[in-house]
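A look at the structure
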Amino acid sequence: MSDVRLDVSRQPGPRWVLPKGLRRVPEGLDELATEHLILNMGPQHPSTHGVLHVLLELDGEEVQAAEASVGYLHRGIEKLAESRKYHQVGTLLDRADYLAGLHTETAFALAVERLAGIEVPRKADWIRSLTMELCRLASHVVWAGTFGMDAGAMAPFLYIMRDREALLDILEAITGGRMMFNYVRPGGVFADLPAGVDTKIRAFLDVFDTYLEETDALLGGNEIFQARIKNVGVISRDTAMAFGLAGGTMRASGIDFDVRRDMPYAAYTELDFDVPVASGGDCWDRYVVRMEEMRQSVRMIRQLVDGMPEGDFTAKVPKVLRPPAGEMYAAVESPRGELGIHLVSDGGPTPYRMRLRSPAYYNLAITDEAIAGSLIADAVVIIGSLDIVLGEIDR
Amino acid sequence: MPASAHETLLRDAAVVHTSETELLGTVVRLDCVNVRPALGALAAGGFDQLVDMFATDTGEAIELTYHLRAFSGFETLFVKCTVEYDGELVSVWDIYPAALFPEREAAELLGMSLTGHPNPKRLLTVEGTEPLLRKSVAIRGAQEVQFS
């Protein structure tokens, strides 16, 4: 692995010069010329959320430079999609972002539908929104739990796993799968909602309201947790914009953008919801934004269950889809941010090129920048606050 | 931001280009040597974010796509240019730092050399891996197994 070594020069300071305003390591920080230590954090490390490998150049406890090394989970999903028929790509995309398979599937389905001119029934749109919001909750609770663990809070993780279990049960009742759904297909969804699932969802939401506030009080109300994450890993608005950040990470830095509201898809034009935005850009703001996103998701799920229309759950779609030659970009707001599929078709039965614009990929790229200058313990918290899923980054 | 803001910006920067409205959106095609001046002008003129950057093997050459977005007015722009096989991918990281990762990925997966990048290493695959996204590279599992 000779290609993943940091440049161990005795000259302290950043290895490359970032544009003005982006640099965080003060020049001439280390004039004592103490020996720097290269530390491999990961790929097997509990707080790297998967197989992320971060090389840290340390001066004592302080991180001088960091470099994220990814690719341990690279399966070539973009290449594999080129030899799959349009109906078969969903199974690959479930495995890209394994916490939000429904979002990735929907992004692909939207791209295909827009390219092929398929009209999706209204009910399919609503089912898509419903399952996606349930999936967002299931993903966000994992983030809240693991982020708490990164900051040293063990208990919330056990509580959120109880909630996630209930969410996965609901998703299993609807889609037949707990994580690898393959439920959203071009044209609609695979199956109609099962009878009685609305009662199940309502019963869950009634207790989840309390559970969510309980988790928030347990985690966000904890002074130690607050002290660990406030003013840590501050990402300014300009940096967030320059690095192409997405989702909650971007909104915590003051950029008011949500694909659901600004580039609507599925049933989101018919729903009433708020987009939480914070301006501080530190780990605490990212925490607050995501917790509020969960409350908004609960609000949306209630509207979706109450207003679920009657009708078909899928359009009539040919067995072998051949969208006309052309290109299309479709994006959804996954739990991690703007997840886009850029589809290139040559008129054949398989995609000519499928590009997955992964939000966590862009969010991760900022670690080198955000960690440098912090302490090792803070580096763990900063990586946790970005909500990365390596399956989606490596594809 | 008016819909043709990019036209004015590119004209002021004296960048030769063609601009078309396709199903995808507004697509600007230009020569690869003009990518840096074009993106520099667009970044300064309000296209705040590089949403995505990727490369496609068209069968004759490699096509680079830069997906830009202006947040005021949510204008989207796709800037495309073509590089020869084994050609050079010139980094635009100093204009859009978001390109740091995807440029490394595009270079390794399509077999281009990356210049002007602060860390031009491979991102996803190990040394010696074929440029996977080239159409000439076949997936090994796609060959059917013959049973006798």
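The model shown is predicted, which means the values in this text are computed figures rather than measured ones.

It is worth spelling out the pairing of strand β1 (residues 17-21) of chain B at this point. Residue and element names in this part refer to chain B. The element β1 is barely covered by neighbouring structure, given that only zero of its five residues are classed as buried. Direction of pairing for β1 relative to strand β2 (residues 26-30): antiparallel, over a ladder of five bridges. Bridging across to β2, H17 finds its partner in L30. The antiparallel pairing of β1 with β2 creates a hairpin that spans four residues between the two strands, and G25 there sits at a positive phi of about 140°.

Quick look at the packing of helix α3 (residues 101-116) of chain A against helix α4 (residues 122-150) of chain A now. Residue and element names in this part refer to chain A. At their nearest, the axes of α3 and α4 sit 8 Å apart, and the two run at 145° to each other. The segment α3 lies against α4, with L102, H103 and T106 engaging R128, T131, M132 and C135. The residue inventory of the contact of α3 with α4, partitioned by class, reads three nonpolar, three polar and one charged.

All names here are of chain A. Looking at the assigned domains, one finds that chain A contains domain 1 (2-69) and domain 2 (77-394). The C-alpha-based centres of domain 1 and domain 2 are spaced at 31 Å. The interface is formed by 23 residues belonging to domain 1 together with 23 residues belonging to domain 2. Of all the secondary-structure elements, those providing two or more residues to the side of domain 1 that touches domain 2 are β2 (53-59) and β3 (62-69). Among the residues forming the side of domain 1 that touches domain 2, the class breakdown is 13 nonpolar, six polar and four charged.

It is worth spelling out the interface of chain A and chain B at this point. Quoted interface sizes are often the accessible area lost when the parts come together. At the junction of the two partners, chain A supplies 32 residues and chain B supplies 30 residues. Elements with a contribution of two residues or more to the side of chain A that touches chain B: α1 (77-81), α8 (237-242), β6 (326-334), β7 (337-345), β8 (353-357) and α12 (359-364) of chain A. Of the residues in the side of chain A that touches chain B, the class split is 15 nonpolar, eight polar and nine charged.

A separate point is the sheet that holds β2 of chain A. Residue and element names in this part refer to chain A. Judged by pairing direction, the sheet is antiparallel, and its three strands sit side by side in the order β1-β2-β3 without closing on themselves. Bordering the open sheet on either side are β1 (37-41) and β3, each of which pairs with just one other strand. Averaged over all pairs of adjacent strands, the angle between their axes in this sheet comes to 20°, without regard to strand direction. As paired elements, β1 and β2 share five bridges and run antiparallel to each other. Residue pairing for β2: L39 is matched across the bridge by L56.

Residues and elements named next belong to chain B. The strand order β1-β2-β5-β4-β3 describes an open sheet built from five strands, whose pairing is mixed. The open sheet has two edge strands, β1 and β3 (49-57), and neither has a second partner. With direction set aside, neighbouring strand axes in the sheet form an average angle of 20°. Docked against the sheet, helix α3 (residues 100-110) engages β3 and β4 (62-70), running at close to 0° with respect to β3.

Before going further, it helps to examine the confidence of the model for chain A. For chain A, per-residue confidence averages 84 on the pLDDT scale, and 91% of positions sit at 70 or higher. Counted against residues more than four places away or in other chains, residues 1-23 of chain A, with its pLDDT under 50, gives 35 contacts.

In this section: the packing of helix α11 (residues 283-306) of chain A against helix α14 (residues 376-385) of chain A. Residues and elements named next belong to chain A. For the pair α11 and α14, the least separation of the axes is 10 Å and the interaxial angle reads 30°. Relative to α14, α11 is oriented roughly parallel. Read as a crossing pair, α11 and α14 show a hand that is left-handed. Contacts from C283, R286 and Y287 of α11 reach α14 at V381, I382 and S385. Its residues assigned to classes, the contact of α11 with α14 comprises four nonpolar, one polar and one charged.

Rules used throughout
Residues numbered from 1 in each chain as written. Chains lettered and ligands numbered in written order. Predicted model: local features only at pLDDT ≥ 70, side-chain atom pairs only at ≥ 80, totals over all residues. Buried ≥ 20, exposed ≤ 12 C-beta atoms within 10 Å, placed from the backbone. Helix = DSSP H or I, 4+ residues; strand = E, 2+ residues; numbered from the N terminus. Pairing = 2+ DSSP bridges. Axes fitted to C-alpha atoms, helices over the stretch in contact; angles between N-to-C directions. Contact = placed C-beta atoms within 7 Å. Nonpolar A, V, L, I, M, F, W, Y, C, P; charged D, E, K, R; others polar. Domains from an automatic or database assignment. pLDDT = per-residue confidence, 0-100. Parallel < 35°, antiparallel > 145°, perpendicular 65-115°, else oblique. Left-handed = near helix turned anticlockwise from the far one by under 90°.

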